[in-house]
Every structure is written in C-alpha cells, then in structure tokens.
Protein chains: 2
Amino acid sequence: MTAEALDVTHDPSVRSFVASADGHPDFPLQNLPLGVFRPPTSGVARGGVRIGDEILDLAGLAVSGLLSATALEAAHAGSAPALNDLFALGAAHRGALRGEVHRLLRADAPERDTVAALLHPVAGSQLMLPARVGDYTDFYAGIHHARAVGALFRPHEPLPPNYRWLPIGYHGRASSVGVSPAFVHRPRGQLRQPDGTPAYAPSQRLDYELELGVWIGASPVPGQVVPVARAAEHISGFCLLNDWSARDVQSWESQPLGPFLAKSFATTVSPWVVTPEALRPYRTPLERSPDDPEPLDHLRDPADLAAGGLDVELEVAVSSAAMRAAGHEPLVLSTSSTRHLFWTVAQLVAHHASNGLQLWPGDLFGSGTISGPAPGSEGSLLERTRGGTAAVTLPTGEARTFLEDGDEVVLRARAARPGVAPVGFGECRGVVTGPLASGAGGA
Amino acid sequence: MTAEALDVTHDPSVRSFVASADGHPDFPLQNLPLGVFRPPTSGVARGGVRIGDEILDLAGLAVSGLLSATALEAAHAGSAPALNDLFALGAAHRGALRGEVHRLLRADAPERDTVAALLHPVAGSQLMLPARVGDYTDFYAGIHHARAVGALFRPHEPLPPNYRWLPIGYHGRASSVGVSPAFVHRPRGQLRQPDGTPAYAPSQRLDYELELGVWIGASPVPGQVVPVARAAEHISGFCLLNDWSARDVQSWESQPLGPFLAKSFATTVSPWVVTPEALRPYRTPLERSPDDPEPLDHLRDPADLAAGGLDVELEVAVSSAAMRAAGHEPLVLSTSSTRHLFWTVAQLVAHHASNGLQLWPGDLFGSGTISGPAPGSEGSLLERTRGGTAAVTLPTGEARTFLEDGDEVVLRARAARPGVAPVGFGECRGVVTGPLASGAGGA
C-alpha cells in the first residue's frame, strides 16, 4: 500500500445532509464503508454505504439516474446480496463510487431529496456478511502476540526463526465465517487430561483473538506472482475479525499440522468494509527494529515500508450475562493498534500469492492477533491472563481466565487524529452460548 | 460406514448393452461413478454417469421420461454443471439414481435405444471438477506415512502423541483444487539457504502425495454433532487426490502453524466420484495393532470398526518428458492401499464435525498420504527417496529425487477381488510445468 494523495472525500470540513453523520465518531461523510443489509421495509438483501446512522441503498442508487459511468457500474455490482462482484471491479470503480456517493451526500448536494429517499436506518436493518467468503486465511503478523504466546509454549525460542522473514499464516475454514452480532456455541473437542489421555468435552479454555480482517478484491493477472508494490490493488477493504479459539483443543491437536478444530468452529467479522481510500489519512510506517532483517525483494517496496502500515486503534471489551443484567457496559480488557503488526497488508497479499496461487474476490485474511508490547494491550485472554494464571475481575466481582457461557466479546476499531475526520469500523460482537447437543451421549 | 447389503447393482453377472463396459477394468456396470462433463457436441457442462468408455448424460436423462420420483429428482439435481445439489440430496437419492441407471443400462433393458441416445463418448468430452469445493480439509490418516515422515523430521518421536487419538488434519485452500489432467506450475517460495537465511526461488523439492479424496454430501442437522455411526450419511463419494507439496517451502514455513504455501499452489482430483454404494463389496476392517488405544466414544462405532475401512489398491507412476518422447509408459514407483489408513472415512467426518462446525455439500477431504509399511509402498517421493537421498532411476537413465519440470504424475486406484466386479477410480494426472513468471524480477 503506497501513500496516495488525499482528495475532497477526506476533507474534514465537508458536512453531510445526514444529520447523524456530522460528528459521528465512526461513520462521518469521510468514511463511507460498504456492507450488505436487509432494510426494515424489505426482505431483499443488497449492498449499501454506511453514513452516520443510515445506510445508502446501492440497489436504489444504481437505478436512480444519479450516477455516471464507472460509479454506476460499481453500484450495479453492489446491488447484489454479496459484494463479491463489486470487490472484483477493483480500486478504480470503488474510488469512483466513493467520489459520487460523497458528492451526493454533501450538505449542499442539489439531489439531496432524491438521495434521502434511498436511505434506510441502521436500526431495524439486518446487517449481513459482506461477501461470500471464498478462502479464509489467518496470518500471525502481530509480533508481540507471537512473542508472548511463543514464550508460553516455547520458552527456549519464543519467535520461530522464520518469523521475521515471512508472514506466517495458515488456511482457515471459510464456511465458519459469520457476521457480527454472532452467537457462538462453545465448541467440544479432545482435551488432554492429567493422565495424558484425551477426553471429548466442551472446551474449558475458550478465547477471543483481536484481529484486523482484510477483504480481497480484484484478482491478480493469472500466471504471474504479485509484486508487493502492486499488492494493494487487490485489497477491497478492512474489518474487525474475532478468531475465536479453544486453547485446550488447540494445544492437543496442533502438532504437527497446525490449528484445526480449535479455530474452525466460528470466526466473526464486523459488517462494514472500511475501504483503503477511507484509511488513506491513517497510513504509517512499519514498526521495525534495527536488528530485523531487510525483507526479501518480493516483499520489499520502499513506499510500502514507509507508509504501508495502518494507524487504527483497537480495543476488546467483555461483558458477562450478570454484568449486562446489572446494567454494566462491557469492560475494556485491552487496547491495541494495527501499528503493532510486523507486516503490512500489502506484504500479506504478496506473500500469499508468491507461490503462484490465485486470489479471488471475497477471499478473507485475518491479520493474526494484534497485541501491543505493554500490559493492557493483549489481543487474547491467553495473553491477558498469562495462560489462565492471572484472572481478570469483572465489575460484578466475577473472575475470568477464559470465556464463560453468556459472555459477550466486543471488538472495536477507530482511526482518529486531530484535524482529520475519524474513520471507525464499528463493532464486532459475539456471545458465547452453551455447547452443542452431543450426538455421542457425552456431557 | 457400516456394512450394508449388496443388491442387484453389485451382481457381477449382470451385463450392460454398452459394449465397452463389459470387462472394463474400472467402469463396468457395477461402478457407475458420477462426474461433470462437457460433451464433444455441446458447450454446456452437466452431470453424467460413467459407463465403460461412455458417459450417460444426467441432464438428458432427467427429461427423458425414463425415471421415476426419487431418481428423477436426483437426475434433475445432477443436470447442473456442478454436483453440489445432487450431493446435498444424500444417500437415498443417490441410491435410487444408481438403481434406475443400472436398470436402464442393462443388456436386457427395453429402453436401451432411448438410453443409448443419451450416451456421449468419454473421448472428446471435457471432464470438469465434479463440484464447487466449499472447504477443503487435508487429513494425515496414513499412519505409515506419518511415521516415515516423522522419522525424517522428528526422529525422537516419529508419531506425535495425539496421532492415535484423533485424525490430525488441517484446512487447505479450496480454490486451488483442480481436476485431472492438470498443469501444475512449479511453485516459488522462501527456501532456506545453507547460511540459514531464506531466498525466494522456485521449489527444488517438488513432490506428490497419493491420497484418497472424499466428497461431502448432505449436511448434518445444524446444532448437533455427528455420531460416527451416522457419519457415512454425509459422504457422497470418493476420488483420487494429489496433494502436491513443495518440501523445501514446507520445512521453512510450517512452524508453528502448519503447511500453507507449500501445499496451496495446487491440489488435483480425479474427475469421477466413486459412490459409497459402488464400494460396498470392498469394505474391510481397520488395521489396528493391540497397543492402539480404543477410539473415544464419539469416534467409535463397532460396525464402523468392523467394516468401515476400504480395500482399494492404489498406485503412483511418473513419466519424464524424455520417457514420453521415447514411448515409455509411466514408471510405477509405488503401490499402496486404502487399507493402510489408520482412521475410517466415517471417523474423519465425525471428528471434523465434532467441534460443532457445519459440513456442506461439496466440501472435500483428503485422507493424507497413503503409504504402506513396506518399501515400494511409499505415497510420496519424500519417503520413496528417503528425504531425497536415494534417487529413483527412470527407464531413460534419468535420476529423480524430486519432480522435475515436464514430469507427469499419474495416480490410479481400483478395487478388485475374484468373483466381484472391479470398481475403478480412473486416473489423476498432472504435469509439472516451469515456474510462474516472477513479478519481483527474480529467477
């Protein structure tokens, strides 16, 4: 992702006629994230653009006569109940749509009455998974997480020798990806008992992982690898991603082929796709230390190293059922930032495609858990409670090492800086429900 | 998979009016595998049933008036250019279709002239991927492979402690699954150099893996785990699967999260889906040794342990470009058998669903590499050449430790026993082409 010029769509002084957009902490006129929704008045899901507390209907916009050539094509593609076709069109179409939607939502837009009729309230709308997920890949690009978890499991070598040379990743289960707000059954699995043999039982070490999600857009040209300097062309946008993890299942099953059922029971993403265009003001250099090796050529682009990072603040909060009953807000357990990622998103894309495979619109990446270097910035309970040894106390007095049934996990993300309009991701929520009925007569 | 009764469709004495079917080593009247094809005379892909050297057109059959209720529904679902909808209908529909197709293809079928008009020659037809792959999971159920590879990399503990308790598996990349015959680009990747640092270059240790593929059919009821005794209901059929592997990429990237780009550049399956019904005569007990632990309850079903294995002979053969130019047949490097799998396919299904995730029609499993215990039964070159130290000599005098550009890999599978009709899988072929063009200016 190279630094690109800001334009009128980033100007914080431009206001919208949508009253709730002005001063909105997440969704002002300068954000305009994409999603799929079913409005209160209709059962038909279609694409939309979030503005304040409203959603601009792309299906309605496409037939409104308000759009011209490229933006019109984009809106037509975005009229479907999944954004894969819009993602496939790539950056030029997405940028044109952003430009025209921005123009139409301005406080001084001559078309404002026509546009207002295409708005639906978020309240009462059903937000859907933004795209059909083709393949889902989870990376491990949060170096502080990798080091902290490595120290728990491999104290002799917390960071594997390959860590600073390539973005470690693994394939996840695409059909288990769902949208916030989610109900997540506590998974069952084989758990190692004190005698060394396993038992099949509900996980006792259920955890969240705070991640950045990346939606892939236009496919690369087949038959070529993707240069990192052009990798950003294949990114449609970003979301929050909770990579729910059963730590006890994970520790027993993962050798030698990596995580499997410990992760694949559920992955939850936030509904809004925050575009690379919206995040242009929030690019930042990578945090690297002098002893980090230079990336190999296929992962190294000067512009990407200088400005390919993202400066987005993250937080994870938890509420128990008792907290909610007593009127407590979710307790923020950690705050972190995408600045703590060791690899840029462009590097993730270039690495993923470096073996010659094809990326497709609707492929989804998770960044890996994003922890910071300091206490209070841990992206998982495993880290936050030091492997389950240091419980967190909730406002109700309840103690937590891992998630209990009824707990709700809330991830939030926002980029903000004085003099720049904020760009929020909204929330990624999920409630832990009890375990599934067992067909095997177990607990 | 419990033993079920044989019926007239298994009777080896029943002959077909399709001349090429009688005595066919793979596709006699008793096999009737499913696939998707584009006939020589039409550009439209649709489902078909292989019989001898012909394919019975399911789209034509669905409108022929020859089928009744359940089989007719199955043929309609099978008229699409992917078999997901047919798979979703499950065993009763698949069995009804098999019964009626068998009846219509008999030598004494009164409808034979009508049926004959629905046959297309395999020669000239294009065989397609049988279904849209939802999620692809690769297991590690070949215990002799696990032990042999473990001895190369982890001599102190060749079999991980979890091996005999759960079917180890990992998620693969669904969109990289293609159908035989395939052209497979040699992948690039990070390869560890003698100084311990990596370089980005074409893999020098490209390998095949001989696996059984499993196509998933009807989804389980949501909200329940799948008892192993009922797991077979969710299996649509079997194929050959070549899990192409770049060993040098794999050894550098795989810690701590398992194989990723070393596998995800290509996976190749054979085009015919051999049904569980066709394989009923070839069930066999699992090979277990007295010191293997009893499977946990959710993986244990007496009927499955007694007859849930499959008795299918496998072989892998390789030809170099020079061999083909000189008219040599592919050289058989190994022969093996699905008897050598440590877990039944029903156990793979039950384990996969045991965390509560949902399986979908068109999900694909690989069994893991199926090696036998003896020399000459290795399912990969890594094993066959003892980690690349003992080259194989081809008929042209060429030496092979790993695959060279131009090499073709041919997997074959067949179940056969005196007095029982043979059931063949056909072939899974792939040719290694040169590396992709590098966008990064490398070799």
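The structure presented is a predicted model; accordingly, all values stated were derived computationally and were not measured.

Calculation rules
- Residues numbered from 1 in each chain as written.
- Chains lettered and ligands numbered in written order.
- Predicted model: local features only at pLDDT ≥ 70, side-chain atom pairs only at ≥ 80, totals over all residues.
- Heavy atoms only, no water.
- Pairing = 2+ DSSP bridges.
- Helix = DSSP H or I, 4+ residues; strand = E, 2+ residues; numbered from the N terminus.
- Axes fitted to C-alpha atoms, helices over the stretch in contact; angles between N-to-C directions.
- Parallel < 35°, antiparallel > 145°, perpendicular 65-115°, else oblique.
- Contact = heavy atoms within 4.5 Å.
- Nonpolar A, V, L, I, M, F, W, Y, C, P; charged D, E, K, R; others polar.
- Buried area = accessible area lost by both parts, 1.4 Å probe.
- Salt bridge = Lys/Arg side-chain N within 4 Å of Asp/Glu carboxyl O.
- Polar contact = N/O pair within 3.5 Å; in protein donor to acceptor, adjacent residues only side chain to side chain.
- Least-squares fit on C-alpha atoms with pLDDT ≥ 70 in both.
- 1 Å grid on protein atoms, 1.4 Å probe; cavity = no way out; pocket = protein on both sides within 12 Å on 5 of 7 lines; lining within 4 Å.
- Points joined across faces, edges and corners; volume = space filled by probe spheres on them.

## Observations regarding the sheet that holds strand S9 (residues 182–186) of chain B
All names here are of chain B.
Moving on, step 1. Strand order in this open sheet of 5 strands is S9-S25-S24-S19-S20, and the pairing throughout is mixed. Two strands bound the open sheet, and with one partner strand each, they are S9 and strand S20 (331–337). When strand polarity is set aside, the average angle formed by the axes of neighbouring strands in this sheet is 20°.
Moving on, step 2. Here 6 bridges tie strand S19 (residues 313–319) to S20, and the two strands are oriented antiparallel to one another. Looking across to S20, one finds that Val316 is bridged to Ser334.

## Some details on the packing of helix H2 (residues 69–77) of chain B against helix H4 (residues 91–105) of chain B
In a pair of packed helices, the angle between the axes and the distance between the axes together describe the arrangement.
Residue and element names in this part refer to chain B.
Moving on, step 1. It is the contact of H2 with H4, at a shortest axis distance of 8 Å, that shows an interaxial angle of 100°. In terms of orientation, H2 and H4 fall into the roughly perpendicular class. On the side of H2, the interface is formed by Thr70, Ala71, Glu73, Ala74 and Ala75, while H4 contributes Ala92, His93, Ala96, Leu97 and Glu100.
Moving on, step 2. Considered class by class, the residues forming the contact of H2 with H4 number 6 nonpolar, 2 polar and 2 charged.

## Digging into the interface of chain A and chain B
Moving on, step 1. Opposite the 62 residues of chain A that make contact, chain B presents 62 residues.
Moving on, step 2. Summed over both partners, the interface of chain A with chain B buries about 5,600 Å², with 62% contributed by carbon and sulfur atoms.
Moving on, step 3. Seen at the junction of chain A and chain B, the total is 4 salt bridges.
Moving on, step 4. Salt-bridge contacts for Asp135 of chain A lead to Arg173 of chain B; the nearest nitrogen and oxygen are separated by 4.0 Å.
Moving on, step 5. Taken together, chain A and chain B are joined by 20 residue pairs in polar contact (both at pLDDT 80 or more).

## Brief notes about the sheet that holds strand S25 (residues 420–435) of chain A
Residues and elements named next belong to chain A.
Moving on, step 1. If you walk across this open sheet you meet the 5 strands as S9-S25-S24-S19-S20, and the pairing is mixed. Each edge of the sheet is formed by a strand with only one pairing partner; in this case those strands are strand S9 (182–186) and strand S20 (331–337). Adjacent strand axes in the sheet meet at a mean angle of 20° when their direction is disregarded.
Moving on, step 2. The sheet contact formed by strand S19 (residues 313–319) and strand S24 (residues 408–417) spans 7 bridges and is antiparallel. The residue bridging Leu314 from the neighbouring strand is Ala413, located in S24.

## A few points about the relation of the copies chain A and chain B
Relating one copy of the chain to the other requires a rotation about an axis plus a shift along that axis.
Moving on, step 1. Of the transformation superimposing chain A on chain B, the axial component is 0.0 Å and the angular component is 180°, with the fit at an RMSD of 0.0 Å. Expressed as a symmetry operation, the mapping of one chain copy onto the other fits a two-fold axis. Proximity to the rotation axis, assessed at the C-alpha, singles out Gly258 of chain A in chain A; its C-alpha lies 2.1 Å from the axis.

## Quick look at the layout of surface pockets
Moving on, step 1. Put simply, the largest pocket is a space of about 1,300 Å³.
Moving on, step 2. Residue lining of the largest pocket: 50 residues in total, with Asp135 and Trp360 of chain A together with Ala174, Ser175 and Ser176 of chain B positioned closest to the centre.
Moving on, step 3. Going through the elements one at a time, helix H3 (84–89), strand S8 (177–179), S9 and strand S16 (267–269) of chain B are the ones with two or more residues in the lining of the largest pocket.
Moving on, step 4. Grouping the constituent residues of the lining of the largest pocket by class yields 27 nonpolar, 16 polar and 7 charged.
Moving on, step 5. Taken together, 40 residues line the second largest pocket, and the ones lying closest to its centre are Pro256 of chain A together with Phe153, Arg154, Ser254 and Gln255 of chain B.
Moving on, step 6. Residue assignment for the lining of the second largest pocket shows that the elements contributing at least two residues are helix H7 (247–253) of chain A together with strand S6 (136–139), helix H6 (143–153), strand S10 (188–192) and helix H7 (247–253) of chain B.
Moving on, step 7. No other element matches the 5 residues that H7 of chain B contributes to the lining of the second largest pocket.
Moving on, step 8. Of the residues assigned to the lining of the second largest pocket, the class counts are 16 nonpolar, 13 polar and 11 charged.

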